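# Secondary and tertiary structure notes
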Amino acid sequence: MNARYWLDKINSLSKPPQTFNVLNVCGGHERSITQAGLRSVLPQWLRLVPGPGCPVCVCPEADIALAITIALKETVSLLAFGDMLRVPINSAALHKLLPKHIRSLENAKAAGADIRPVASPLEVKALALENPHTQFVFFAAGFETTMAPVAAMMSEFFSGNLPGNISFLISGRKTWPAVKHLLDDEQSAPIHGLIAPGHVATIMGAKEWQFVANDYQLPTAIAGFDSESLLQAFYCVRYQTEIKKPTLQNCYPRAVKPEGNKLAQSTLEQCFSVNDANWRGIGSIEQSGYQLRAELNNVNAQLKFAGYLDEINEAFARDSMPKSCRCADVVMARILPDQCALYGKSCLPRQALGPCMVSDEGACRIWWSAGLKGSSLQ
Amino acid sequence: MKEKKISLAHGNGGVYMRELIDDIFASKLHNDFLNTEHDAAHLKLNNSDWAMTTDGFTVQPLFFPGGNIGSLAIHGTVNDLAVSGAKAKYLSLNAFLEEGLDITDLEIIVSSMAIAAKEAQIDIVTGDTKVLPFGHGGGIYFATTGIGERLKNLRLNHSNIQPGDKILVSGPIGNHGIAVMMAREAFGLSSDITSDSANIYPFVECLNALNTPEKIKCLRDPTRGGLNMLVQDWSRNTKLGVMLKEDQLPIEPAVASVCNMLGYDPFNLACEGRVLAAVSPELAQDVLQLWRELECGEQASCVGEFTCEHKQVVMETSIGGQRILQALEDEPLPRIC
């Protein structure tokens, strides 16, 4: 079985009376789809819609503001995943707290703050061991896939193996509550099939996605990241519709097991409680955010630098997006990236206004770098 | 220029750098010889044809798998002359050393430089050193100038490029970019990817030997900005479109897998030992055959062609889809998952 085989199978399906919208959840999926040019080879009736899968895009402004403030005002080295560095904060609120030209971690870095990009928690630990006299704050935004290795590192606190010079600023989110929120959202595009995230399911287990088929009667398939697995998943969700049996299929069985990775799950459980959490531009989503447990108070940067919290929370009480920016609508599958009036005009990778144009997981950025435009969702 | 301050993106070989060169340097320093689209200037000295180039080297870290800043400085200079159709003869060298630099490291670097120079059959005939206070340099910066004699049978210029001309690459792309990046920041990954840093003159010499100047249109080495930026330059300068074939891009599996994990595109990453050639379609197979017989040329490949059907750089993906490539704008950053 290869990609061509599944493409032929899709083409052999009968054309449905209306466009068949397939939502993907993972920024990695959107990237694979776009880079392989899958939209240009699939039949017109099949529309691939990017969804909420970019943790950087949904990281609340208050969290970024706190990271910037700590980096600028405290004698620490702030470590963050690379694509977080350029996410701009647009709220005028920040200007009450910090110099006007500082809108992102990258600006703060240019203004002299010690901010370094990292790509994994292993790197964070190595830096902390190499520089025992530096205090490190690890600002980690991410979904389950990122939070699991962060938790694995954090749990070394319990065995006394975590270097004493690291604390954590966590902006972790769970994906399935956002998908549920999206499916309940009346403004989102009608979704006819769901491609569940392969990496998240590897950690959390396939069965976490069973609710989509059960509660929403929506055909669902978990996909990997190559064209073969993605095309198989598109075929599966459409075929389920044809036979009128919505279910959950696993098209990424070599990585995804029904129960997932039990060890990673228990480490997550050990380090985090799950609470309602704010998603940038979208608002609070029930039971969707990871919060450090009280046992980890000693390494919780939010508590360590609690002095800034009141001021920031007050300033950012109303999370704001830049004027006319529709990142939140892109994340919620209400529009496609190029339906935003700023896309490719005033919002470009070189001067991103909205967070979706910053990260390589952001749908706008992915679409722009593949030259996509001229589409319409509704 | 729109920007008020120089940022790192002004050095990445992409759109920002082009604006910096055009709007500040070229506009104030223009003269009959300065052409910022070329890697070297063509000069006539004593009735023979010469090419002159200059280059700066600031790579971090100073040592990386497959080379160091010393060998890189020689290869970079020699290669700029090679793709201008010239055989490098003489180099000058400026060394900016930072206070505190380990002398042993410097000795190793200069020794590699000597080996690379000998292999490329060039002499470093003059130089200068400066020492900068601690914190004012990355250990070593080098600046070189090279001059070389132009080869008789090559008349390279992008204005010769026609629709239908083929684009050939001499070997796998992205190795240098990934090798240096991983030497700088391990990202918790390990690999045995080595830089492709090498003297590419043999790839040019064999084209000269073909004695078909009208069929070899243009040569470039895809350094900063990678293959994509170079093809974007060609497309912009010729006002032609380019069709690339993903299947035909030589990319080592290890490079592809690191790129996949970190969210990089191999065609945006620097090479330091590859040549990209635009040639007439009837010559493409001959060139590939010659290149494949050379060391490091085994994977030489025809990766695309020029077209007048559109004006963009479009890649046909493995599954037959299309993807438009854009010129690199900002510095690539590793993504989170």
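Regarding its fold elements, chain B presents eight helices and 14 strands. Its C-alpha atoms give chain B a radius of gyration of 19 Å, within 12% of the compact-globule value 20 Å for 337 residues. With the principal axes as the frame, chain B shows a C-alpha extent of 60 × 55 × 45 Å. Expressed as a percentage of its 337 residues, the buried residues of chain B come to 53%. Excluding contacts between residues fewer than 6 apart, the proportion of contacts in chain B whose partners are at least 24 apart in sequence is 82%. One way to put it: in chain B the 27 positive side-chain charges average out to a point 7 Å from where the 43 negative ones average out.

Turning to the sheet that holds strand E2 (residues 46-50) of chain A, a few remarks are in order. All names here are of chain A. Reading across the sheet, the five strands line up as E2-E1-E7-E8-E9 and stay open at both edges, with parallel pairing between neighbours. Only two strands of the sheet have a single partner each, and these edge strands are E2 and strand E9 (248-250). Going from strand to strand, the sheet's axes swing by 25° on average, the running direction of each strand aside. Of the pairings in the sheet, the one linking strand E7 (residues 193-196) to strand E8 (residues 220-222) comprises three bridges and is parallel in character. Each residue of the ladder has a partner; that of Ala196, found in E8, is Ile222. Contacts between helix H2 (residues 27-35) and the sheet are confined to strand E1 (20-24), E2 and E7, with E1 contributing the most and set at about 125° to the helix.

All names here are of chain A. Following the criterion strictly, the structure yields one disulfide over all chains and no others. The disulfide that involves Cys54 links it to Cys57, with 2.2 Å between the sulfurs. Torsion about the S-S bond of the Cys54 and Cys57 cystine: about 75°, corresponding to right-handed handedness. The buried category is assigned to Cys54, whose relative accessible area is 5%. In this structure Cys251 is not part of a disulfide, and its nearest cysteine sulfur, from Cys236, lies 3.8 Å away. The class for Cys251 is buried, based on a relative accessible area of 5%.

Glancing now at the nonpolar core. Residues and elements named next belong to chain A. Residues Leu78, Met84, Leu105, Phe139, Trp209 and Phe316 are the most contacted members of the largest nonpolar core, which totals 87 residues. No other element matches helix H5 (residues 61-73), which puts eight residues into this core. Mapping this core onto the domain boundaries places at least three of its residues in each of domain 1 (1-326) and domain 2 (327-369). Aside from chain neighbours lying at most four places away, what touches Trp209 is Val25, Thr175, Trp176, Val179, Leu194, Ala196, Pro197, Ala201, Thr220 and Leu248. By size, the runner-up hydrophobic cluster in this structure holds 30 residues, among which are Val118, Ala128, Met147 and Val299.

Residue and element names in this part refer to chain A. In this model H5 runs 18 Å from its N-terminal to its C-terminal C-alpha over 13 residues, within 8% of the 18 Å that 1.5 Å per residue would give. For H5, the tally of buried residues reaches eleven of 13 residues, placing the bulk of the element in the interior. Here H5 has its buried residues at Glu61, Ala62, Asp63, Ile64, Ala65, Leu66, Ala67, Ile68, Thr69, Ile70 and Ala71.

Our focus in this paragraph is the pairing of strand E10 (residues 272-279) of chain A. All names here are of chain A. Pairing between E10 and strand E11 (residues 283-292): seven bridges, direction antiparallel. From the neighbouring strand, Trp279 faces E11, where its bridge partner is Gly283. What sits between the antiparallel neighbours E10 and E11 is a turn of three residues, in which Gly281 has the positive phi angle 80°.

All right, on to the packing of aromatic side chains then. To describe a pair of aromatic rings, you give the distance between the ring centres and the angle between the ring planes. All names here are of chain A. The final tally for this structure, using the stated rule, is 14 aromatic pairs over all chains. For the pair Tyr5 and Trp6, a centre-to-centre distance of 5.0 Å together with 85° between the ring planes defines the contact as edge-to-face. Classification of Tyr5 by relative accessible area gives partly exposed; the value is 33%. On the accessibility criterion, Trp6 (10% relative accessible area) is buried. Considering the side-chain rings of Trp6 and Tyr235, the 5.7 Å spacing of their centres and the 45° angle between planes classify their relative orientation as tilted. Residue Trp6 is located in helix H1 (residues 3-12), and its partner Tyr235 is located in helix H13 (residues 227-242); the two are separated by 229 residues in the primary sequence. We note that Trp6, like Tyr235, is buried. Taken together, the ring pairs in this structure connect Tyr5, Trp6, Tyr235 and Tyr239 into an aromatic cluster. The residue whose ring lies beneath Arg238 is Trp45, and the NZ or CZ to ring-centre distance is 5.7 Å.

On to the domain arrangement of chain B. Interface size is commonly expressed as the accessible surface area that is lost when the partners come together. Residues and elements named next belong to chain B. Parsing chain B into structural domains produces domain 1 (37-150) and domain 2 (158-325). For domain 1 versus domain 2, the separation of C-alpha centres amounts to 23 Å. The interface of domain 1 with domain 2 comprises 23 residues on the first partner and 23 residues on the second. Between domain 1 and domain 2, the buried area comes to about 1800 Å², and carbon and sulfur atoms account for 56% of it. For the interface between domain 1 and domain 2, the tally reads one salt bridge. Between Asp39 and Arg220 there is a salt bridge, with the nearest N and O atoms lying 3.4 Å from each other. Between domain 1 and domain 2 we count eight residue pairs in polar contact (both at pLDDT 80 or more) in total. Every element with two or more residues in the side of domain 1 that touches domain 2 is listed here: strand E3 (63-64), helix H2 (69-82) and strand E5 (86-98). For the side of domain 1 that touches domain 2, the per-class residue count stands at eleven nonpolar, seven polar and five charged.

To continue, consider unusual backbone geometry. Residues and elements named next belong to chain B. The omega torsion of the bond from Gln60 to Pro61 falls at 0°, within 30 degrees of zero and hence cis. Note that Pro61 resides in the loop between strand E2 (48-57) and E3. Here Gln121, not a glycine, exhibits a phi torsion of approximately 60°, which is positive. Tracing the sequence through the fold places Gln121 in the loop between helix H3 (103-119) and strand E6 (123-132).

Quick look at the environment of Gly51 of chain A now. Residue and element names in this part refer to chain A. Mapping Gly51 onto the fold places it in the loop between E2 and helix H4 (55-58). Gly51 sits in the buried class, given a relative accessible area of 12%. A C-alpha to C-alpha distance of 8.5 Å links Gly51 and Glu30, two positions 21 residues apart in sequence. With residues near it in sequence (within four places) discarded, Gly51 still touches Leu23, Asn24, Val330 and Val331.

Turning our eyes to something else, we now look at the sheet that holds E10 of chain A. Residues and elements named next belong to chain A. Taken in spatial order, the six strands of this open sheet run E4-E3-E5-E6-E11-E10, and their pairing is mixed. With one partner strand each, in any of the chains shown, strand E4 (115-118) and E10 form the two edges of the open sheet. Within this sheet the neighbouring strands show an average axis-to-axis angle of 25°, counted without direction. Two strands pair when backbone bridges link them, and strand E3 (residues 77-81) and E4 are joined in this way by four bridges, in the parallel orientation. In the strand pairing of E4, Leu79 is matched with Arg116. Helix-sheet contacts for helix H8 (residues 121-130) involve E3, E4, strand E5 (136-142) and strand E6 (166-173), and the interaxial angle to E4 is about 135°. Sheet strands in contact with helix H9 (residues 144-154) are E3, E5, E6, E10 and E11, and its direction is about 155° off that of E6.

Conventions used here
Residues numbered from 1 in each chain as written. Chains lettered and ligands numbered in written order. Predicted model: local features only at pLDDT ≥ 70, side-chain atom pairs only at ≥ 80, totals over all residues. Heavy atoms only, no water. Helix = DSSP H or I, 4+ residues; strand = E, 2+ residues; numbered from the N terminus. Rg over C-alpha atoms; globule rule 2.2 N^0.38 Å. Buried < 20%, exposed > 50% of the residue type's maximum accessible area, 1.4 Å probe, protein only. Contact = heavy atoms within 4.5 Å. Lys, Arg positive; Asp, Glu negative; His and termini not counted. Charge placed at Lys NZ, Arg CZ, Asp CG, Glu CD. Pairing = 2+ DSSP bridges. Axes fitted to C-alpha atoms, helices over the stretch in contact; angles between N-to-C directions. Disulfide = S-S within 2.5 Å. Core = buried A, V, L, I, M, F, W, Y, C linked by side-chain atoms within 4.5 Å. Domains from an automatic or database assignment. Expected span 1.5 Å × (residues − 1). Phe/Tyr/Trp six-rings, centres within 6.5 Å; stacked < 30°, edge-to-face > 60°. Lys NZ or Arg CZ within 6 Å of the ring centre and 35° of its normal. Buried area = accessible area lost by both parts, 1.4 Å probe. Salt bridge = Lys/Arg side-chain N within 4 Å of Asp/Glu carboxyl O. Polar contact = N/O pair within 3.5 Å; in protein donor to acceptor, adjacent residues only side chain to side chain. Nonpolar A, V, L, I, M, F, W, Y, C, P; charged D, E, K, R; others polar.

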